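Examination of the molecular architecture
Letter by letter, the chains look like this.
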Amino acid sequence: MIEIENVVKAYSGTRAVDGVSLVVEPHSICALVGTSGSGKTTLLRMVNRLVEPSAGDIRVDGRSIRSVPAYELRRHMGYVIQGNGLFPHWTIAQNVGTVPRLLGWSKGKIASRVDELLALFQLDPELFRDRMPHQLSGGQRQRVGVARALAAEPDILLMDEPFGALDPVTRSKAQEDLALIQSKFGTTIMLVTHDMEEAIQLGDRIAVMDKGKLLQCEPPAEIIANPATDYVRDLVGTTDRAFRLLSLSRLADHVEPGTAEGDAFNAGMTLRNAYSELLWARRSAAPVEQNGKIIGVITLERLGALAARP
Ligand code: ADP
Ligand code: MG
């Protein structure tokens, strides 16, 4: 758990972070959003003490970060910076093994952890472990950057716009990977992003910052339905909010008894995609299947009702 309490960072009179209090629950993802210059990076870097707060305190699992030497703290927190920050003259294996080496793991243990992580990120270890970063695509380098941050099995992962430079397809793949890995390891994640879509998809909570202040920190559905200020409402966007709400839930949770004609939709499909598919195919309903069994039906009417302001 990360507890940020009344934290301030002042630079020659101006406050980059201005009295922020925020709790990130264990095993959850907190997405930090806000326009450029709102203090997101500064807040994130105070958690691993790359920036020292001017006032306030931050506790990790109940312990003030001031009571832990900074190098020690960072070894237990993964950090992914924008543009991945790989060492260009090190192989992929050396890059991923950076922190385990610092921690004095044996060669064999490092090698097997590196291979495990590469495989997890769909990079065949045989093909990739001895390559140099420039021999990888941008998306692959990004995945190596996240793999490196996870190498020593940190409880906490800090990510600063990790997917910002990726094309939309690679980006959504990277987001899926992250969601999967987070649920596998139960890592607590603070993720800075300027992409509201990404925040809604990945965040258990979204923290909205403006001019150094925290305006709202709540689950995505709550932020969409009840934005605390005009600024938050503008950030969430009004034209898309019905669809954004639909993108938060999956068919499994909204299937109704009954049946319908035609191809079945998978229960893991988001409501948004189901709505789009029905409209596209001029269908008013579809059966829903889970593990090869029809479990009920979803109708256009029901989806329309679920898209309405709660
Ligand atoms: P964000 O990540 O939301 O874009 P930052 O945390 O990088 O915002 O910056 C917040 C504000 O603090 C900006 O106005 C920035 O210019 C200022 N700032 C950040 N780092 C420093 C620094 N080292 N010295 C002076 N001002 C800084
Ligand atoms: Mg930033």
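Being a predicted model, the structure only gives us computed values, none of them experimental.

Rules of the game
Residues numbered from 1 in each chain as written. Chains lettered and ligands numbered in written order. Predicted model: local features only at pLDDT ≥ 70, side-chain atom pairs only at ≥ 80, totals over all residues. Heavy atoms only, no water. Helix = DSSP H or I, 4+ residues; strand = E, 2+ residues; numbered from the N terminus. Rg over C-alpha atoms; globule rule 2.2 N^0.38 Å. Buried < 20%, exposed > 50% of the residue type's maximum accessible area, 1.4 Å probe, protein only. Contact = heavy atoms within 4.5 Å. Areas by Shrake-Rupley, 256 points an atom, 1.4 Å probe, with all protein chains shown as cover. Lys, Arg positive; Asp, Glu negative; His and termini not counted. Charge placed at Lys NZ, Arg CZ, Asp CG, Glu CD. Disulfide = S-S within 2.5 Å. Arc of directions from axis to C-beta. Polar contact = N/O pair within 3.5 Å; in protein donor to acceptor, adjacent residues only side chain to side chain. Pairing = 2+ DSSP bridges. Axes fitted to C-alpha atoms, helices over the stretch in contact; angles between N-to-C directions. Right-handed = clockwise from strand over helix to strand, strands pointing away. Near = heavy atom within 4 Å.

A look at the overall build of the chain
A tally of regular secondary structure across the chain gives 14 helices and 13 strands. A compact globule built from 310 residues should have a C-alpha radius of gyration of about 19 Å, and the chain, at 21 Å, falls within 12% of that. In terms of overall dimensions, the chain has C-alpha extents of about 60 × 50 × 35 Å along its principal axes. Within the chain, the proportion of its 310 residues that are buried is 47%. A fraction of 61% describes how many contacts in the chain between residues 6 or more apart in sequence connect residues 24 or more apart. Carbon and sulfur atoms form 50% of the exposed surface of the chain, whose accessible area is close to 15,100 Å². Both charge centroids of the chain, one from 35 positive and one from 37 negative side chains, sit 5 Å from each other.

A look at helix H1 (residues 40-47)
By the criterion of burial, H1 is predominantly enclosed, with six of the eight residues buried. Taken together, the buried positions of H1 are Lys 40, Thr 42, Leu 43, Leu 44, Met 46 and Val 47. Note on H1: the residue one or two positions beyond its end, Arg 49, has a positive phi of about 65°.

Things to note about the state of the cysteines
Under the definition given, this model contains zero disulfides. Lacking any disulfide linkage, Cys 30 is separated from the closest cysteine sulfur, that of Cys 217, by 4.9 Å. Residue class for Cys 30 comes out buried when judged on its relative accessible area of 2%.

Brief notes about helix H13 (residues 271-280)
Those residues of H13 that sit buried are Leu 271, Ala 274, Tyr 275 and Leu 278. Projected down its long axis, H13 shows its buried positions confined to an angular sector of 100°, all on one face. Of the surrounding elements, those touching the buried residues of H13 are helix H12 (241-247), strand E11 (265-266), strand E12 (285-290), strand E13 (293-299) and helix H14 (300-306). Arg 282 sits one or two positions beyond H13 and adopts a positive phi of about 55°.

Topic: the side chain of Asp 177
Within the secondary structure, Asp 177 sits in helix H8 (residues 168-185). With residues up to four places along the chain from it excluded, the contact list for Asp 177 reads Phe 121, Gln 122 and Arg 143.

Considerations on the side chain of Asp 57
Looking at where Asp 57 falls in the secondary structure, it is placed in strand E4 (residues 55-60). Among the polar contacts listed, one links the side chain of Asp 57 to the side chain of Ser 64, at a separation of 2.9 Å. Asp 57 has contacts with Glu 3, Ile 4, Glu 5, Val 7, Ser 64 and Arg 66, leaving out every residue within four places of it along the chain.

Some words on the sheet that holds E4
Taken together, four strands build an open sheet; the order of strands is E2-E1-E4-E5 and the sheet is antiparallel. Edge positions in the sheet fall to strand E2 (14-24) and strand E5 (63-64), since each of these pairs with one other strand and no more. Of the pairings in the sheet, the one linking E4 to E5 comprises two bridges and is antiparallel in character. Following the sheet pairing, Val 60 is matched in E5 by Arg 63. Running over the sheet, H1 touches strand E1 (2-11), E2 and E4 and is turned about 120° from E1.

Focus: the pairing of strand E7 (residues 156-160)
Counting buried positions along E7 yields five of five residues, so the element is predominantly enclosed. With four bridges connecting them, strand E6 (residues 77-80) and E7 associate as parallel partners. Residue pairing across strands places Gly 78 opposite Leu 157, the latter belonging to E7. Of the pairings in the sheet, the one linking E7 to strand E8 (residues 188-192) comprises five bridges and is parallel in character. Each residue of the ladder has a partner; that of Met 159, found in E8, is Leu 191. Between the parallel pair E7 and E8, the chain is carried across by H8, and the sense of this crossover is right-handed.

Notes on the site of ligand 1
Around ligand 1 sit Tyr 11, Ala 16, Thr 35, Ser 36, Gly 37, Ser 38, Gly 39, Lys 40, Thr 41 and Thr 42, and that is every residue in its neighbourhood. Thr 41 places a side-chain nitrogen or oxygen 2.8 Å from an oxygen atom of ligand 1. A total of 560 Å² of accessible area belongs to ligand 1 in isolation, and the protein chains cover 54% of it.

Considering the environment of Gly 186
Within the secondary structure layout, Gly 186 lies in the loop between H8 and E8. Between the C-alpha atom of Gly 186 and that of Gly 39, which follows or precedes it by 147 residues, the distance is 27 Å. Each residue touching Gly 186, except ones within four places of it in the same chain, is listed here: His 27 and Ile 181.

What about the sheet that holds E13?
What the three strands build is an open sheet, ordered E11-E12-E13; its pairing is mixed. Where the open sheet ends on each side, the last strands, each with one partner, are E11 and E13. One ladder, built from six bridges, connects E12 with E13; its direction is antiparallel. Opposite Ala 286, over in E13, you have Ile 298 as the bridge partner.

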